[in-house]
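# Examination of the molecular architecture
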Amino acid sequence: MSKQISISATADKPLRKAAKRNKLRLVLACLLLGGGALFCLDLLVDKPAPVAFEPIKSGAGSAPQSLPEENGVIDESSNIEPATDEKETTSTSDVVIIIPPAHGSEVETDIPDMSSLGEALGSGDLGDSSWRDTEGAGFPLEATFYDLKLKRNGAPSGLKPAKPNGVIAALAKFFQSDWNEAELSKYYRSEVMTYASHLYLPVASAKYGPIAFEVGTHTKPESVWERKPSAWLAVYRGTVVAPKNGKFRFIGTGDDLLAVRFNHETVLEAGYYAPTAYDKANPAACHLAEAHQREAFLNARKGYELIRSVSGCSKWNRELGGLVAGAEFSVKEGESYPIEIAIADITGASVGFVLFIEDVTEGKNSQATQYDLFRTRDMNPNPAKVMDSLREAGCAEQSEVIPFNEDSWVWDVEPTWSAGWE
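Residues numbered from 1 in each chain as written. Predicted model: local features only at pLDDT ≥ 70, side-chain atom pairs only at ≥ 80, totals over all residues. Heavy atoms only, no water.

## Observations concerning the pattern of salt bridges
Enumeration over the complete set of coordinates arrives at eleven salt bridges. With a shortest N-O distance of 3.6 Å, E181 and R237 are connected by a salt bridge. In this pair, E181 sits in the loop between α2 (164–176) and β6 (187–189) while R237 sits in strand β9 (residues 232–241), placing the two residues 56 residues apart along the sequence. Exposure remark for E181: the relative accessible area of 37% places this residue in the partly exposed category. The partner of E358 in a salt bridge is R249, with the nearest N and O atoms 2.8 Å apart. Note that E358 is positioned in strand β17 (residues 350–359) and R249 in strand β10 (residues 246–255), a separation of 109 residues in sequence. We classify E358 as buried; its relative accessible area is 7%. In this structure R249 comes out as buried when scored by relative accessible area, which is 0%. A network of salt bridges, in which partner residues are shared, links E181, R237, R261 and E340. (Salt bridge = Lys/Arg side-chain N within 4 Å of Asp/Glu carboxyl O. Helix = DSSP H or I, 4+ residues; strand = E, 2+ residues; numbered from the N terminus. Buried < 20%, exposed > 50% of the residue type's maximum accessible area, 1.4 Å probe, protein only.)

## Here we look at helix α6 (residues 383–392)
Residues of α6 that are buried include every one of V386, M387 and L390, and no others. For α6, the buried positions fall inside an angular range of 95° around the axis, keeping them on one side. In this fold, the buried residues of α6 make contact with β8 (200–205) and α3 (208–212). Taken from the residues just after α6, G394 is the one with a positive phi, measuring 70°. (Arc of directions from axis to C-beta. Contact = heavy atoms within 4.5 Å.)

## Notes on the environment of R308
Note on placement: R308 falls in the loop between β13 (305–307) and α5 (314–320). Once the C-alpha coordinates of R308 and V324 are considered, the two residues, 16 residues apart in sequence, prove to be 8.5 Å apart. Residue contacts for R308: discarding those within four places in its chain leaves G321 and G322.

## Notes on the packing of aromatic side chains
Under the counting rule described, the total for this entry stands at 17 aromatic pairs. Taken together, a centroid distance of 5.3 Å and an interplanar angle of 25° make the contact between F250 and F329 stacked. Here the residue F250 occupies a position in strand β10, and F329 occupies one in strand β15 (residues 329–331), the gap between them amounting to 79 residues. With respect to class, F250 is no different from F329; both count as buried. Following the ring pairs from residue to residue traces out a cluster consisting of F248, F250, F262, F329, Y337, F374 and W411. (Phe/Tyr/Trp six-rings, centres within 6.5 Å; stacked < 30°, edge-to-face > 60°.)

## Re unusual backbone geometry
Cis geometry marks the peptide bond from D255 to D256; its omega dihedral reads 15°. Within the secondary structure, D256 is located in the loop between β10 and β11 (257–262). Even without being a glycine, S309 presents a positive backbone phi close to 50°. Among the secondary structure elements, S309 is positioned in the loop between β13 and α5.

## Notes on the pairing of strand β5 (residues 141–151)
A large share of β5 lies buried, amounting to eleven of its eleven residues. Direction of pairing for β5 relative to strand β7 (residues 194–196): antiparallel, over a ladder of three bridges. Across the sheet, residue A143 finds its bridge partner in β7, namely T194. Here β5 runs beside β9; their pairing, made up of six bridges, is antiparallel. Counted as the bridge partner of A143 is Y236 from β9. As paired strands, β5 and β6 are joined by three bridges and run antiparallel to one another. Its bridge partner being in β6, K151 is matched across the sheet by Y187. (Pairing = 2+ DSSP bridges.)

## As for the confidence of the model for the chain
Mean pLDDT for the chain: 75, with 64% of residues reaching 70 or above. Contacts for the low-pLDDT stretch residues 124–136, under 50 throughout, to residues beyond four places or in other chains number 45 contacts. (pLDDT = per-residue confidence, 0-100.)

## Brief notes about the nonpolar core
If you look at the biggest cluster of nonpolar residues, it comprises 95 residues, and the most contacted ones within it are F250, F262, I341 and W411. Tallying contributions element by element places α2 first for this core, with eight residues. Not counting chain neighbours up to four residues away, the residues in contact with W411 comprise V240, V241, A242, P243, F248, F262, F329, V331, I357, F374, R375 and T376. (Core = buried A, V, L, I, M, F, W, Y, C linked by side-chain atoms within 4.5 Å.)

## Observations regarding the pairing of strand β16 (residues 336–345)
Summarising burial for β16: eight of the ten residues are buried, a large majority. For β11 and β16, the ladder comprises six bridges, and the chain directions are antiparallel. Across the sheet, residue R261 finds its bridge partner in β16, namely E340.

## Comments concerning α2
The terminal C-alpha atoms of α2, which comprises 13 residues, lie 18 Å apart, in line with the 18 Å expected from a rise of 1.5 Å per residue. Burial within α2 is extensive, with eleven of its 13 residues counted as buried. Phi for D178, located one or two positions after α2, is positive at around 65°. (Expected span 1.5 Å × (residues − 1).)

And the structure:
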């Protein structure tokens with residue numbers, strides 16, 4: 001006869017508690033063992049070394065539309081909607097570029113093409129696996145694109161390219177505020193960040209502006225583009241390192257506008273319009289296609305000079321008198337200086353920009369046949385490729401190209417976290 005052994009409830013309770021404790025201990029032991037294994041694996045795997053950045057040492061519109069008039073008075077207020085208190089929202093995405101450690105003599109990376117301007121802005125080859133080697137090919141400046149025709153939430157801003165005085169007034173507020181980005185916060189801002197190591201774009205159709213900043217494409221109808229040509233502004237920002245001691249000045253122009261702010265001072269403003277000369281009582285004063293207005297503007301800017309008969313600039317020579325040389329500024333080799341470059345298309349007729357820099361330590365040369373291209377990377381644009389890009393996009397308006405010195409100094413750009421360079 002078998003015996004049945006029963007356990008009382010009182011005796012069974014401590015056994016159940018012991019069983020639970022054993023299960024918990026088993027789970028904790030598994031977790032600890034798994035964590036330890038991962039920790040050991042992490043120690044065994046080689047981690048990439050940080051990238052070492054070294055400074056570069058390199059050798060030596062079209063005819064604008066007339067401002068609108070009514071009874072002989074230019075109307076500005078009709079171009080701008082009254083301010084509202086509505087809250088506007090937008091979403092932006094930063095382009096983060098991770099640069100792996102160097103292998104051998106160069107840094108390898110699969111960076112996507114950041115701008116369709118390519119040769120014209122020195123950014124089209126960012127997809128190359130060796131765009132920056134250990135000797136330092138340099139970094140580009142980062143640009144933000146604004147469409148002044150739209151508010152930040154996409155609603156119409158009231159600014160119209162057919163009535164450019166309102167657009168110029170908006171630009172004037174930005175420049176006169178010491179280039180404060182808050183003045184642009186009310187306008188549409190593209191989520192696509194683009195880059196440039198130089199500005200070299202001969203006169204082209206205004207359609208090339210949106211194509212360049214990846215808010216338009218020549219492979220699709222303009223009606224479906226994210227942004228239309230005209231009334232847009234792009235601002236490049238960064239910090240550059242002076243390659244040598246000395247005095248310099250920028251030389252260039254823009255269709256419709258090019259401006260440079262160096263070390264917190266606006267040192268160049270050129271093109272068909274000069275927003276800093278905007279006067280509500282006399283808006284036409286900023287219209288630089290008129291010879292007498294241009295002369296008055298240059299005389300009012302200390303150190304400014306007109307560089308006449310520049311080769312390859314027949315349209316700008318004819319309509320603007322040539323290129324503009326800006327105010328001198330001094331730098332010390334190895335020191336860092338903030339720089340901002342603004343380009344804009346106001347009327348939507350043509351687009352084009354060129355920016356040179358002249359070492360005037362030993363004196364100016366207003367009769368030079370060509371000047372140094374301002375660049376932040378150890379590379380130069382290929383004028384033939386620039387023209388091919390314009391023709392491919394159906395935006396070429398001329399065949400002439402602007403000559404430049406190919407051995408100009410490189411103004412190294414300090415990498416910044418926001419641009420994803422570090």
